[in-house]
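Working through the structure, step by step
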Amino acid sequence: MLTPDIPHNEVERLRALYEYDILDTPADSLFDGVAELAATLCGTPFAAVTLIDKDRQWFKAEHGMGVGQSDITRDHSLCAHAILQEEYFEVPDLSLDERFVGNPALGGEVKIRFYGGSQLTTDSGATLGMLCVMDLQPRLLSPAQQRALSQLSNMVMALLATSKRNRQLHDSRALLDRRSSELVSANLFLDSMIEHIPAAVYIKDATLLRYVRVNRAAEEMMGMSREQVIGKGAAELFGQHQANILEEQDRQVAVNNPAFEAVDQLISSRRGARVLHTRKVPVSDAQGMLTHILGIAEDVTRQKAMQAEILDLNDVLHAKARDLEAMNRSLEVFSAAATHDLRSPLGVIAGYAGLLEKKYGPLLDDKGRGYLSIIGGRAKSMAQLIDDLLAFSKLGHRAVSTSTVDMQALVTSVVAELQPDIAIRTHIELGPLPPAQADAALLQQVWVNLLSNAIKYSRQAPSPLVEVSGRTEGGEVIYTVRDNGAGFDMAGYDKLFAVFQRLHTDQEFEGTGIGLPIVHRIVTQHGGRVWAESRVGHGAVFHFALPAVAQDASEAHEAHKAPPGV
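Residues numbered from 1 in each chain as written. Predicted model: local features only at pLDDT ≥ 70, side-chain atom pairs only at ≥ 80, totals over all residues. Heavy atoms only, no water.

Structural notes on the overall build of the protein chain
- Regarding its fold elements, the protein chain presents 13 helices and 19 strands.
- Counting over 566 residues, the protein chain shows a buried share of 39%.
- The contacts in the protein chain between residues at least 6 apart in sequence include a share of 61% that link residues at least 24 apart. (Helix = DSSP H or I, 4+ residues; strand = E, 2+ residues; numbered from the N terminus. Buried < 20%, exposed > 50% of the residue type's maximum accessible area, 1.4 Å probe, protein only. Contact = heavy atoms within 4.5 Å.)

Some points on unusual backbone geometry
- Within the chain, Asp-21 stands out as a residue other than glycine whose phi angle is a positive 50 degrees.
- Within the element layout of this structure, Asp-21 appears in the loop between α1 (10–20) and α2 (29–42).
- The phi dihedral of Asp-24 is positive, around 60 degrees, even though this residue is not glycine.
- Along the chain, the position of Asp-24 falls in the loop between α1 and α2.

Observations regarding the packing of aromatic side chains
- Per the counting criterion, the structure on display carries six aromatic pairs.
- Centre to centre, the rings of Trp-447 and Phe-544 are 5.2 Å apart; their planes meet at 70 degrees, and the pair counts as edge-to-face. With a gap of 97 residues between them, Trp-447 in helix α12 (residues 440–458) and Phe-544 in strand β19 (residues 540–547) connect regions that are remote in the sequence.
- Exposure remark for Trp-447: the relative accessible area of 0% places this residue in the buried category.
- A relative accessible area of 0% places Phe-544 in the buried class.
- Judged by centre distance (6.3 Å) and plane angle (45 degrees), the ring pair of Phe-488 and Phe-542 falls under tilted. Of the two residues, Phe-488 is situated in the loop between β17 (476–483) and α13 (515–525) and Phe-542 in strand β19; the sequence distance between them amounts to 54 residues.
- For Phe-488, a relative accessible area of 6% gives the class buried.
- With relative accessibility at 12%, the residue Phe-542 sits in the buried group.
- Above the ring of Tyr-20, the side-chain terminus of Lys-164 is found at 4.9 Å from the ring centroid. (Phe/Tyr/Trp six-rings, centres within 6.5 Å; stacked < 30°, edge-to-face > 60°. Lys NZ or Arg CZ within 6 Å of the ring centre and 35° of its normal.)

Some thoughts on the nonpolar core
- One finds Met-407, Leu-443, Trp-447, Leu-451, Tyr-479, Phe-542 and Phe-544 to be the most contacted residues of the largest nonpolar core, which totals 46 residues.
- Within the residue set of this core, elements represented by two or more residues are α11 (407–418), β15 (436–438), α12, β16 (465–473), β17, α13, β18 (529–534) and β19.
- If you tally residues by element for this core, the top one is α12, at nine residues.
- If we skip the residues at most four places from it in the chain, Phe-542 touches Leu-450, Tyr-479, Thr-480, Val-481, Phe-488, Leu-496, Phe-497, Leu-516, Trp-531 and Ala-532.
- In this structure, Ala-16, Trp-58, Ala-126 and Leu-152 belong to the second largest nonpolar core, which totals 30 residues. (Core = buried A, V, L, I, M, F, W, Y, C linked by side-chain atoms within 4.5 Å.)

Side note on the packing of α11 against α12
- Following both chains from N to C, one finds α11 and α12 inclined at 50 degrees, their axes separated by 10 Å at the closest point. The pairing of α11 with α12 is recorded here as oblique in orientation. Between α11 and α12 lies a crossing of right-handed hand. Taken together, the residues of α12 that come into contact with α11 (itself represented by Met-407, Leu-410, Val-411, Val-414, Val-415, Glu-417 and Leu-418) are Ala-440, Leu-443, Gln-444, Trp-447, Val-448, Leu-451, Ser-452 and Ile-455. (Axes fitted to C-alpha atoms, helices over the stretch in contact; angles between N-to-C directions. Parallel < 35°, antiparallel > 145°, perpendicular 65-115°, else oblique. Left-handed = near helix turned anticlockwise from the far one by under 90°.)

Examining the pattern of salt bridges
- The final tally for this structure, using the stated rule, is 20 salt bridges.
- Arg-99 serves as the salt-bridge partner of Asp-97, at 2.8 Å between the closest nitrogen and oxygen.
- Arg-213 is paired through a salt bridge with Asp-191; the nearest N and O atoms lie 2.8 Å apart. Note that Arg-213 is positioned in strand β8 (residues 211–214) and Asp-191 in helix α4 (residues 143–196), a separation of 22 residues in sequence. (Salt bridge = Lys/Arg side-chain N within 4 Å of Asp/Glu carboxyl O.)

Structural notes on a nonpolar patch on the surface
- Residues Leu-356, Tyr-360, Leu-363 and Leu-364 make up a contiguous nonpolar surface patch of roughly 400 Å² in combined accessible area.
- Relative to the helices and strands, Leu-356 resides in helix α9 (residues 301–360).
- Residue Leu-356 is classed as partly exposed on the basis of its relative accessible area of 41%. (Patch = residues over 30% accessible without salt bridge, like charges linked within 9 Å, V, L, I, M, F, W, Y side chains within 5 Å. Areas by Shrake-Rupley, 256 points an atom, 1.4 Å probe, with all protein chains shown as cover.)

Describing the environment of Asp-32
- With respect to the secondary-structure elements, Asp-32 resides in helix α2.
- Ignoring any residue separated from it by four or fewer positions in sequence, one finds Asp-32 in contact with Ala-27, Lys-60, Ala-61 and Glu-62.

Some details on the sheet that holds β17
- Spatially, five strands are ordered β14-β16-β17-β19-β18 in an open sheet, and the strand pairing comes out mixed. Looking at which strands have only one partner, the edges of the open sheet turn out to be β14 (427–430) and β18. This sheet shows a mean twist of 15 degrees between the axes of neighbouring strands, independent of strand direction.
- Across the sheet, α11 is in contact with β14, β16 and β17; its angle to β14 comes to roughly 170 degrees. (Pairing = 2+ DSSP bridges.)

What about the sheet that holds strand β5 (residues 114–121)?
- On the basis of which strands lie adjacent, the open sheet formed by six strands has the order β3-β2-β1-β6-β5-β4 and antiparallel pairing. Unpaired on one side and paired on the other, β3 (71–73) and β4 (88–91) mark the two borders of the sheet. Going from strand to strand, the sheet's axes swing by 25 degrees on average, the running direction of each strand aside.
- Pairing geometry for strand β1 (residues 46–52) and strand β2 (residues 56–63), over six bridges, is antiparallel. Of the residues in β2, the one forming a bridge with Ala-48 is Glu-62.
- The strands touched by α1 are β1 and β6 (127–135); relative to β6, the strand with the most contacts, the crossing angle is about 80 degrees.

Considerations on the confidence of the model for the protein chain
- A residue-level look at the protein chain finds 81% of positions with pLDDT of 70 or above and a mean pLDDT of 81.
- Confidence drops under a pLDDT of 50 for residues 551–566, and excluding neighbours within four residues, the segment shows 34 contacts in the predicted structure. (pLDDT = per-residue confidence, 0-100.)

Describing α12
- Here α12 contains 19 residues, and its C-alpha end-to-end distance of 27 Å stays within 8% of the 27 Å for a straight helix at 1.5 Å per residue.
- α12 sits mainly inside the fold: 14 of its 19 residues count as buried.
- A side-chain oxygen of the first residue of α12 lies 3.1 Å from the backbone nitrogen of Ala-441; this N-cap is Asp-439. (Expected span 1.5 Å × (residues − 1). Polar contact = N/O pair within 3.5 Å; in protein donor to acceptor, adjacent residues only side chain to side chain.)

A closer look at the pairing of β6
- Burial of β6 is extensive: nine of the nine residues sit out of reach of the surface.
- In the sheet, β1 pairs with β6 via six bridges, with the strands oriented antiparallel. Across the sheet, residue Leu-51 finds its bridge partner in β6, namely Gly-129.
- As paired elements, β5 and β6 share eight bridges and run antiparallel to each other. Across the sheet, the residue bridging to Gln-119 is Met-130, located in β6.

This is the structure in structure tokens:
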């Protein structure tokens, strides 16, 4: 027994076989009928339609053998030898052919002696298998029988081609059904989307300029149902004058094919006058012919009314701003005059109190001298309050001039200036301070006020300590002043940066209530923020943050404080 050779075009042959998608398919009476007809015409007990796969021979149909749609290995296949021949292949006596002697397929109770077959060949020359007949006796087929077998093999190829086309048709129909279902779903989705678009959507026929479709928003805008709109032109819905304007826009789109965006238009509808902002685009078919005009109209009636109200409010606000500016100028004049007029009598009071104490002090008892001391102290406090109030008032009109400030040097100089007022036992720890973009003169006042407060409120501590530190974080430069002094109740936090609001009495600690408001105003003028944390008897921590990149004062936000937290 010889193993059958592999055809020279095996790759193309298998590709052609698999394209028919016929292997392992159910039995087919047409193929069975061809096998039976071949056996009858050739006078043989057996016939089969076989296909040669990569490693096996598969029976698509058989007659008389009783093997059904089984398969055998390709090495034992008679047809695997037959596909190597030209058109018709015949072996009169298999027992005498060395290729088949000892072939297991010929053993058993049925010993086949004769084999004849016609190849199943595609138009491209790929042989898929055989239409074969077999007999138990040696023999030869007549030329007429050979021709009949050849014609039947052509019939088998026609059946294979038909089966292939049927499967392709079935697949195409299934694909068409799937695509149709997808198209229906897409159309339903598109319809739903159009219906739920809040803007009015309508479609007009490009020739007659009549409405062929509108959505729910268009019905609401027009005050009409779609049944009242479909098939009508603009003149029937809005009047001739308005129709002339709308249809002229439609014609511009139809002739020039541009997208059209109209200015806001006043439309008269059954809902009354409406202001619409409309966009129109041309819609063409597959050949590029204009068929429809799509319009999307947004009802901006309410927005226009609100814009008018906003403009009116802006006019009112501008007028109020002018009034406030004039009032501020008046307050500035009043503040300057008041401070000047108040300083003069205060100077006189302080002067005469000093003269009384100098000339007549020895003549007064302790109570009288106490009165003079109170008068002098109050006059001094009043003068300081006037100076602080004037300084606070001037801050609102001073332009912020920013430059790179060496914060380490600035704070060191402030500490040196305050040193004469610092009790010997007060200790100030100065940590590294990153530079900032700021107005150095204004920042100096911030540090003076914060450090003075820290020193003042910690002087009663057993070991007064003031700590100064800085860091860069999240686009900000943050500075901190911490003391271990009296602290304050966070319940009064909202008063902390308000003018004349103090959280301690004059008997506890002196002050005018202007220092922290000045700090707050300067920091916020720089576009920064200031906040504090404290507990009564456990000191206070004041923070202020400046933008890492300098901001123009006009761009800075109004005063804002971080949420207080202990």
